[in-house]
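Letter by letter, the chains look like this.
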Amino acid sequence: MSSAPAAASPKLRAKGRPADIIFQGISTFAGISILVMLGLVAIFLVVQSIPAFGPDFDVKGTSNFLEYVGPLAFGTVWASFLAMIMAVPVAIGIALFITHFAPRKLASTIGFVIDLLAAVPSVVFGLWGANVLAGFMKPAYAWLSDNLGFIPLFAGTASGTGRTILTASIVLAVMVLPIITALSREVFLQTPRLHEEASLALGATRWEMIKMAVLPFGASGIVSASILGLGRALGETMAIAMVLSPSLVVSFILTSGTNPSTIASNIALSFPEAHGNEVSALIATGLVLFIITILVNGLARWLLGRNPRTGGAK
Amino acid sequence: MSKRIEAKDLNVYYGDFLAVEGVTMNIEPRSVTALIGPSGCGKSTFIRTLNRMHEVIPGAHVKGQVLLDGDNLYGDGVDPVLVRRQVGMVFQRPNPFPTMSIRDNVLAGVKLNNRRIAKSDAEALVEKSLRGANLWNEVKDRLELPGSGLSGGQQQRLCIARAIAVSPEVLLMDEPCSALDPISTLAIEDLIGELKQEYTIVIVTHNMQQASRVSDSTAFFNIAGTGKPGKLIEYDETTKMFSNPNEKSTEDYVSGRFG
């Protein structure tokens, strides 16, 4: 019996089940299409930006592409960095409050509000930043540069409008807050009950329980959430475009009226009146943004992989 | 190092649901008390009220008293954090902290509440606790490795070492061997026999042989039906409970004719 070849018992031969084949086809197509789309975007960016690397570069008074993109790339990274410094701790705090401190009703209300915040269009955040937050922060900037002007971050005269890189970063921070909060909350909720109880049974207070059980478990999730938030901050266009007036400078000063702009907002503001070489230059800056995003993602993955004891803790 | 537990007319509720009703029992210091009974009869719920771990579940509360050498654990202003420092607990499944080394796991409870410990004292305490849990010889060369790399039985003994490192008065064990193989179970049972020299031990178990092997007294819990509260049916010396119990249902349960 056992020596009978498979052909002798045709009932056992694998039969193509239509539902399986169709489903496999659809998911394979979806998986491949994301690669194709990314590839097409990359090809578009590279091909269209080639003229910008030529010798006769002349855009906004700069004589080569690096001179043009440098301040923009700096502004993009700097604004996102400031936004992340503000957003990540607050987001973790909110997520911990929702998952471990708030009564259930309050927690679901706050969770709902946070999710709503994610649905607000970035134009609205831009309007709020330019018209409300800038005016509100203006006295603070004046005070900072008067009293803490010796710190390089607050040197020089304060902005007369309040529309500074710091204002833009605060707007960015509010915009990335929901995504980081929502993802961190999901991770914290998955902390194994066993580990939480282990620390509580040892006589840990709630905060100590969070330090011993929740945060080590959630570390990798927090990093992933922050990367997604950072991705949004790097690419954010409208809010920055409405708050900052673009200028090509590299400056760490938070309170000045002369600010570095970001790649995305510069494209949005300059594209309508661009022609000839400048179009290629703008697309080339888009390519640089694309590369920055890939580098940031790669860095985060490397950080996660480097420390398996906290990163992969299960 | 060891205290008497008295539960007085203890009712445990989950919200409005009465889970355990009217438990009154005295647990002697330096003894092992086994809680047995069918699933859902409230023995795990009851053991958790002895260090207020039931409060982890929202809405869980008790009526009645639990006295630890005369001090009511549920008195006004009693901090559950301090209760749990006196009443340690070992869980059903081994749960060492996965991101911590073996040494840090043992010291985890000691370093809580902003307590500091000198390095030499810490080394001594790690060795004493691990010896106390019969684990020292197996792990002394790899104290820096993660606790999650140990076998299940070793992890459970690591959890016991972690619990006794804070020098509790009482040690609660909620089915500590249910996830372990027979050899590891035997190691834990031997350990329980040694630990009762110093601690009051309360153990929940589904294993009749285990209850008869390790315990001095046995309490049988039962439940009349789904949705009814669990009750303490009989509580006596283990030898009497397993040979000649007063209640018919106890006899049925320990002889395997029920549940």
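Remember, predicted model here, so these are calculated numbers, not experimental data. (Residues numbered from 1 in each chain as written. Chains lettered and ligands numbered in written order. Predicted model: local features only at pLDDT ≥ 70, side-chain atom pairs only at ≥ 80, totals over all residues. Heavy atoms only, no water.)

(A) Looking closely at the overall build of chain A. Looking only at helices and strands, chain A has eleven helices and zero strands in total. When the helices and strands of chain A are read in sequence order from the N terminus, they spell out α-α-α-α-α-α-α-α-α-α-α. At 25 Å, chain A has a C-alpha radius of gyration far larger than the 20 Å of a compact globule built from 314 residues. Over its C-alpha atoms, taken along the principal directions, chain A stretches across nearly 90 × 60 × 35 Å. By residue count, 43% of the 314 residues in chain A fall in the buried class. Across chain A, contacts joining residues at least 24 apart in sequence account for 79% of those joining residues at least 6 apart. Roughly 16,600 Å² of accessible area belongs to chain A as shown, and the carbon and sulfur atoms make up 71% of that amount. Placing the 18 positive and 13 negative side-chain charges of chain A at their respective mean positions leaves the two points 18 Å apart. (Helix = DSSP H or I, 4+ residues; strand = E, 2+ residues; numbered from the N terminus. Rg over C-alpha atoms; globule rule 2.2 N^0.38 Å. Buried < 20%, exposed > 50% of the residue type's maximum accessible area, 1.4 Å probe, protein only. Contact = heavy atoms within 4.5 Å. Areas by Shrake-Rupley, 256 points an atom, 1.4 Å probe, with all protein chains shown as cover. Lys, Arg positive; Asp, Glu negative; His and termini not counted. Charge placed at Lys NZ, Arg CZ, Asp CG, Glu CD.)

(B) Summary view of the overall build of chain B. Check the secondary structure of chain B and you find ten helices and ten strands. Taking all contacts inside chain B whose residues are at least 6 apart in sequence as the whole, residues at least 24 apart take part in 69%. Within the structure as shown, chain B displays about 11,000 Å² of accessible surface, and the carbon and sulfur contribution to it stands at 47%. Distance between charge centroids for chain B: 4 Å, based on 29 positive and 32 negative side chains.

(C) Spotlight on the pattern of salt bridges. Residue and element names in this part refer to chain B. The final tally for this structure, using the stated rule, is 15 salt bridges over all chains. Glu123 serves as the salt-bridge partner of Arg103, at 3.1 Å between the closest nitrogen and oxygen. Placement of the pair is Arg103 in helix H3 (residues 102-107) and Glu123 in helix H4 (residues 119-132), with a sequence separation of 20 residues. Residue classification places Glu123 among the partly exposed residues on the basis of a relative accessible area of 33%. Between Glu189 and Arg213 there is a salt bridge; the shortest N-O distance is 2.6 Å. Residue Glu189 is located in helix H7 (residues 182-195), and its partner Arg213 is located in helix H8 (residues 208-214); the two are separated by 24 residues in the primary sequence. (Salt bridge = Lys/Arg side-chain N within 4 Å of Asp/Glu carboxyl O.)

(D) A look at the UniProt feature "transmembrane region" (unreviewed entry) in chain A. Residue and element names in this part refer to chain A. As recorded in UniProt, the sites labelled "transmembrane region" (unreviewed entry) are residues 21-48, 68-98, 110-128, 165-184, 209-231 and 279-304. Taken end to end, residues 21-48 comprises 100% helix and 0% strand; its first and last C-alpha atoms sit 40 Å apart. Structurally, residues 209-231 comprises 100% helix and 0% strand, and the distance from its first C-alpha atom to its last is 31 Å. (UniProt positions renumbered as here; feature names shortened; annotations may be inferred.)

(E) Spotlight on the interface of chain A and chain B. Each side of the interface is counted separately: chain A has 20 residues, and chain B has 29 residues. The interface formed by chain A and chain B includes one salt bridge. Here chain A and chain B share two residue pairs in polar contact (both at pLDDT 80 or more) between them. Of all the secondary-structure elements, those providing two or more residues to the side of chain A that touches chain B are helix H6 (193-201), helix H7 (206-235) and helix H11 (308-311) of chain A. It is H6 of chain A that provides the largest number of residues to the side of chain A that touches chain B, a total of eight residues. (Polar contact = N/O pair within 3.5 Å; in protein donor to acceptor, adjacent residues only side chain to side chain.)

(F) Inspection of H6 of chain A at higher detail. Of all nine residues that make up H6 of chain A, seven are buried, and the element is covered over most of its length. Among the residues of H6 of chain A, His195, Glu196, Glu197, Ala198, Ser199, Leu200 and Ala201 of chain A are the ones counted as buried. Tucked into the core, H6 of chain A has its buried residues touching helix H2 (65-101) and H7 of chain A together with helix H1 (43-49), helix H2 (80-86), strand E6 (87-90) and helix H6 (152-165) of chain B.

(G) Examining the sheet that holds strand E10 (residues 230-237) of chain B more closely. Residues and elements named next belong to chain B. Read from one edge of the open sheet, ten strands run E5-E4-E1-E2-E10-E9-E3-E8-E7-E6, paired in mixed fashion. Looking at which strands have only one partner, the edges of the open sheet turn out to be strand E5 (71-72) and E6. Where strand E2 (residues 17-27) meets E10, two bridges bridge the pair, whose relative direction is parallel. Residue pairing across strands places Glu21 opposite Lys231, the latter belonging to E10. Its contacts with the sheet put H6 on E6 and strand E7 (170-174), and the angle it makes with E6 is roughly 170 degrees. (Pairing = 2+ DSSP bridges. Axes fitted to C-alpha atoms, helices over the stretch in contact; angles between N-to-C directions.)

(H) Broad picture of a nonpolar patch on the surface. Taken together, Ile32, Val36, Leu40, Ile43 and Val47 of chain A make up a surface patch of nonpolar side chains, about 470 Å² in accessible area. The class of Ile43 of chain A is exposed, set by a relative accessible area of 52%. (Patch = residues over 30% accessible without salt bridge, like charges linked within 9 Å, V, L, I, M, F, W, Y side chains within 5 Å.)

(I) Local environment of the nonpolar core. Ranked by internal contacts, the top residues of the largest apolar core, which has 106 residues, are Met25, Leu35, Phe46 and Leu50 of chain B. Here this core gets 19 residues from one element, more than from any other, and that element is H2 of chain A. Grouped together as the second largest cluster of nonpolar side chains are 43 residues, Leu107, Ala122, Val126 and Trp136 of chain B included. (Core = buried A, V, L, I, M, F, W, Y, C linked by side-chain atoms within 4.5 Å.)

(J) Representation of the pairing of strand E8 (residues 200-204) of chain B. Residues and elements named next belong to chain B. In terms of burial, E8 is a largely internal element, five of the five residues being buried. Burial of E8 is two-sided: the residues Thr200, Val202 and Val204 facing one way and the residues Ile201 and Ile203 facing the other way are all buried. Two elements, strand E3 (residues 32-36) and E8, share four bridges in a ladder whose sense is parallel. By the bridge assignment, Val32 is partnered in E8 with Ile201.

(K) Molecular detail of the packing of H2 of chain A against helix H3 (residues 104-119) of chain A. Residue and element names in this part refer to chain A. Where H2 contacts H3, the axes come no closer than 8 Å and their chain directions differ by 145 degrees. At the point where H2 passes H3, the crossing takes the left-handed sense. Here Ile94, Phe97 and Ile98 of H2 lie close against H3, whose contacting residues are Leu106, Ala107, Ile110, Gly111 and Ile114. Partitioned by chemical class, the residues of the contact of H2 with H3 number seven nonpolar, one polar and no charged. (Left-handed = near helix turned anticlockwise from the far one by under 90°. Nonpolar A, V, L, I, M, F, W, Y, C, P; charged D, E, K, R; others polar.)

(L) Examining the UniProt feature "domain: ABC transporter" (unreviewed entry) in chain B more closely. UniProt annotation of "domain: ABC transporter" (unreviewed entry) refers to residues 5-248 of chain B when read in the numbering used here. Here residues 5-248 of chain B is 33% helix and 27% strand, with 27 Å between the C-alpha atoms at its ends.

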